[in-house]
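A closer look at the structure
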Amino acid sequence: SIVHLLEENLREEGYEVISGYDGQMAINLAKSGHPKLIVLDVNMPLTNGIKALESIRAFPATASIPIILLTGEVSDTVYPLIESTPRLAHVKKPIDLEHLNSLVKEFLRRYTTED
């Protein structure tokens, strides 16, 4: 699955990875694990990536965590949200792993030294 592919890729890049398999799990892991970065798919079971993003940003302890959305959709909801939300970027599907790795590295460099 895509979760395992991304997990393996990010571990090979030297990152510690905690994986979730649906939007509600992502919200819970964000609150309990306080990750430095979150990668969310827009289309996830239980709670989609947009709703998970909104929940994560609504909780003060997780509000500033940078998030990368994965999307294969062209959407009037997703792109304006990305443009207007700080610490948020996207990667189009099919995923270019080099692009994702570059974005992860940039987000971690930019936002972990800022805090």
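Residues numbered from 1 in each chain as written. Predicted model: local features only at pLDDT ≥ 70, side-chain atom pairs only at ≥ 80, totals over all residues. Heavy atoms only, no water.

1. Overview of the layout of surface pockets
There is about 830 Å³ of room inside the largest pocket. If you trace the largest pocket, you find 30 residues lining it, with V17, I18, L37, I38 and V39 closest to the centre. Every element with two or more residues in the lining of the largest pocket is listed here: α1 (2–12), α2 (23–33), β1 (38–41) and α5 (97–114). No other element matches the 5 residues that α1 contributes to the lining of the largest pocket. For the lining of the largest pocket, the residue count by class is 21 nonpolar, 5 polar and 4 charged. (1 Å grid on protein atoms, 1.4 Å probe; cavity = no way out; pocket = protein on both sides within 12 Å on 5 of 7 lines; lining within 4 Å. Points joined across faces, edges and corners; volume = space filled by probe spheres on them. Helix = DSSP H or I, 4+ residues; strand = E, 2+ residues; numbered from the N terminus. Nonpolar A, V, L, I, M, F, W, Y, C, P; charged D, E, K, R; others polar.)

2. Let's talk about the sheet that holds β1
Pairing is parallel across the open sheet formed by 3 strands, whose spatial order is β1-β2-β3. The open sheet is flanked by β1 and β3 (88–92), the only strands paired with a single partner. The average undirected angle you get between the axes of adjacent strands in this sheet is 25°. Where β1 meets strand β2 (residues 67–71), 4 bridges bridge the pair, whose relative direction is parallel. From the neighbouring strand, I38 faces β2, where its bridge partner is I67. (Pairing = 2+ DSSP bridges. Axes fitted to C-alpha atoms, helices over the stretch in contact; angles between N-to-C directions.)

3. Digging into α2
Turning to α2, its buried residues number three or more, namely G23, A26, I27 and A30. Seen along its axis, α2 keeps its buried residues to an arc of 100°; they face one direction. The backbone nitrogen of Q24 lies 3.0 Å from a side-chain oxygen of the residue at the head of α2, namely D22. At the C-terminal side of α2, H34 shows a positive phi close to 45°. (Buried < 20%, exposed > 50% of the residue type's maximum accessible area, 1.4 Å probe, protein only. Arc of directions from axis to C-beta. Polar contact = N/O pair within 3.5 Å; in protein donor to acceptor, adjacent residues only side chain to side chain.)

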